[in-house]
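# Descriptive structure summary
Residues per chain, in single letters:
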Amino acid sequence: MIYDLQKASILKRISAFLLDFILLLILTAGFIALLTLIVRFDFYYNQLAEYDKQYKEIGIESITITKEQYEALGAEAKEYYDTTINDVRALMSQCVSRAFMSLSLGLFFSHLVLEFIIPLILKNGQTVGKKIFSVGVMQISGVKLKPVSLFVRAMLGKYAVETMVPLSIVLIFFFIEANALLFILFIALYVLEIVLFFVTKRYAFIHDVLASSVTIDMQSQMIFNTTEEMIAYKEELHQKEVEQAEYK
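Residues numbered from 1 in each chain as written. Predicted model: local features only at pLDDT ≥ 70, side-chain atom pairs only at ≥ 80, totals over all residues. Heavy atoms only, no water.

### With respect to the layout of surface pockets
Size it by volume and the largest pocket reaches roughly 880 Å³. For the largest pocket, the lining is made up of 31 residues, of which Phe-17, Phe-21, Lys-158, Glu-162 and His-207 are closest to its centre. Of all the secondary-structure elements, those providing two or more residues to the lining of the largest pocket are helix H1 (10-38), helix H4 (75-122), helix H6 (147-175) and helix H7 (180-199). If you tally residues by element for the lining of the largest pocket, the top one is H1, at 10 residues. (1 Å grid on protein atoms, 1.4 Å probe; cavity = no way out; pocket = protein on both sides within 12 Å on 5 of 7 lines; lining within 4 Å. Points joined across faces, edges and corners; volume = space filled by probe spheres on them. Helix = DSSP H or I, 4+ residues; strand = E, 2+ residues; numbered from the N terminus.)

### Considering the nonpolar core
In terms of nonpolar packing, the biggest core is built from 16 residues, with Leu-48, Tyr-55, Ile-60, Tyr-81 and Val-88 touching the most fellow members. Of all elements in the fold, only helix H2 (41-57) and H4 reach the threshold of two or more residues within this core. Setting aside residues no more than four positions away along its own chain, Ile-60 makes contact with Tyr-55, Ile-65, Leu-73, Ala-77 and Tyr-81. (Core = buried A, V, L, I, M, F, W, Y, C linked by side-chain atoms within 4.5 Å. Buried < 20%, exposed > 50% of the residue type's maximum accessible area, 1.4 Å probe, protein only. Contact = heavy atoms within 4.5 Å.)

### Description of a nonpolar patch on the surface
Taken together, Ile-10, Ile-14, Phe-17, Leu-18, Phe-21 and Leu-25 make up a surface patch of nonpolar side chains, about 570 Å² in accessible area. Assignment of secondary structure puts Ile-14 in helix H1. (Patch = residues over 30% accessible without salt bridge, like charges linked within 9 Å, V, L, I, M, F, W, Y side chains within 5 Å. Areas by Shrake-Rupley, 256 points an atom, 1.4 Å probe, with all protein chains shown as cover. Salt bridge = Lys/Arg side-chain N within 4 Å of Asp/Glu carboxyl O.)

Printed below as a string of structure tokens:
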């Protein structure tokens, strides 16, 4: 085992990432299914679907119509639309808010389990994918990743910055307001990820920068429990080198 930095190969990192990503999708889907039941998403969605059905029966093409489509409606359809549209908009708002809540909380809990709780159990910052492909995570100093740093890496870095920020930008772009600034922010985030990966000597992403961590090859990397242990080990090696030099 070597105490100098032994970075994990890109192939190992990609393999571990893909496995963890598949597990994340499966677990997130499970959490979302459970959360939609808790927040009663189906109740509001079914009510909205019933209004949509009634609209179509009287000649209204959809829940959201343009001014021209409204003017083309008959008197009866206009009256029904006017008396129900506020309820329909309220139901749409409830569906959107509950869907986003279920999605964001589903991602939160899946990240908490797969990227924080499991690595705490497996040690050395290893997720299921990292464990299988002998990849680990440690502090830049060579010391084991502390729980606080692991939490920052998983929940602030991976969940908040790398998942929820781009997801929120995409949802706002497509469902609320499509503008160039949002598109630029989305691209800038991933450009930053690429730049960090190639500029930093340890091939770091945003989550590694925030946690001062590095992804390493567990088959060759020596990890110390504490800084004191690392210093003592280096001093011991130095002393051996001095002794060997004296005998020459």
